[in-house]
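# Results of the structural survey
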Amino acid sequence: MSQIDFYHLKGEGLAQAVAMLSDKTVASGQKMLIISPPVLTEMISERLWISKSDNFLAHGVDDDDGSAFAPVWITTDADKNQINAEFVCLIDGLCPENMIAFTRIFTLFDDTQPDRLEMARAQWKDWSSEAAHQCRYFAQDDAGHWHLKQ
């Protein structure tokens, strides 16, 4: 069974949310694969370098060296899992063909982009109807805090 968590962003903060989820994933002893469009990889990578005040989150992008050691990896190819992660973060609706390979799925979407909001709604409808998936929805308040919505 996969747990799928939808994170509804309010405008800015995508890279910060990805860094927060990656940090929590690594702290739990897991690896995080981030599937991102090429235009966002640099912004996400930069945020991962500064995400922790006492350290950085070691990671790589696409065909960089170090995939054997990094706990976080950013890929632009939805069907590559360079670090054999069981947790995945989906950006801009990108989705791997083999979703069941992941035990934990985080999908982030921005409500300022109507097409992304519609895509997230369609994914929720499709994925929540499958018995193999447990879906949860988190909304961000004006202060940037996350709340599980029932």
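About the criteria used
Residues numbered from 1 in each chain as written. Predicted model: local features only at pLDDT ≥ 70, side-chain atom pairs only at ≥ 80, totals over all residues. Heavy atoms only, no water. Pairing = 2+ DSSP bridges. Helix = DSSP H or I, 4+ residues; strand = E, 2+ residues; numbered from the N terminus. Axes fitted to C-alpha atoms, helices over the stretch in contact; angles between N-to-C directions. Contact = heavy atoms within 4.5 Å. Core = buried A, V, L, I, M, F, W, Y, C linked by side-chain atoms within 4.5 Å. Buried < 20%, exposed > 50% of the residue type's maximum accessible area, 1.4 Å probe, protein only. 1 Å grid on protein atoms, 1.4 Å probe; cavity = no way out; pocket = protein on both sides within 12 Å on 5 of 7 lines; lining within 4 Å. Points joined across faces, edges and corners; volume = space filled by probe spheres on them. Nonpolar A, V, L, I, M, F, W, Y, C, P; charged D, E, K, R; others polar.

Reading across from one edge, β3-β4-β2-β5-β6-β1-β7-β8 is the order of the eight strands in this open sheet, with mixed pairing throughout. Both outer strands of the open sheet, β3 (59-61) and β8 (146-149), are each paired with one neighbouring strand and no more. Between one strand axis and the next, the sheet turns through 20° on average, direction left out of account. Together, β1 (2-9), β2 (32-35), β4 (72-75), β5 (87-91), β6 (104-110) and β8 form the strand contacts of helix α1 (residues 14-27), whose direction differs from that of β6 by roughly 165°.

All right, on to the nonpolar core then. In this structure, Ile34, Ile91 and Leu108 are the most contacted members of the largest nonpolar core, which totals 22 residues. Elements supplying a minimum of two residues to this core: β1, α1, β2, α2 (38-49), β4, β5 and β6. With five residues, the top contributor of residues to this core is α1. If sequence neighbours within four positions are ignored, Ile91 has contacts with Leu14, Val18, Ile34, Ile35, Ser36, Pro37, Leu40, Ile44 and Leu108. Counting 19 residues, the second largest nonpolar core, distinct from the first, contains Ala85, Met99, Ala120 and Trp127.

Another point: empty space enclosed by the protein. Applying the stated criterion to the full structure yields one cavity of 30 Å³ or more. A volume near 50 Å³ is recorded for the largest cavity. Lining the largest cavity we find Asp92, Gly93, Thr107, Leu108, Phe109, Arg116, Met119, Ala120 and Gln123. Taken together, the elements giving at least two residues each to the lining of the largest cavity come down to β6 and α3 (114-128). Across the lining of the largest cavity, the residue classes tally to four nonpolar, three polar and two charged.

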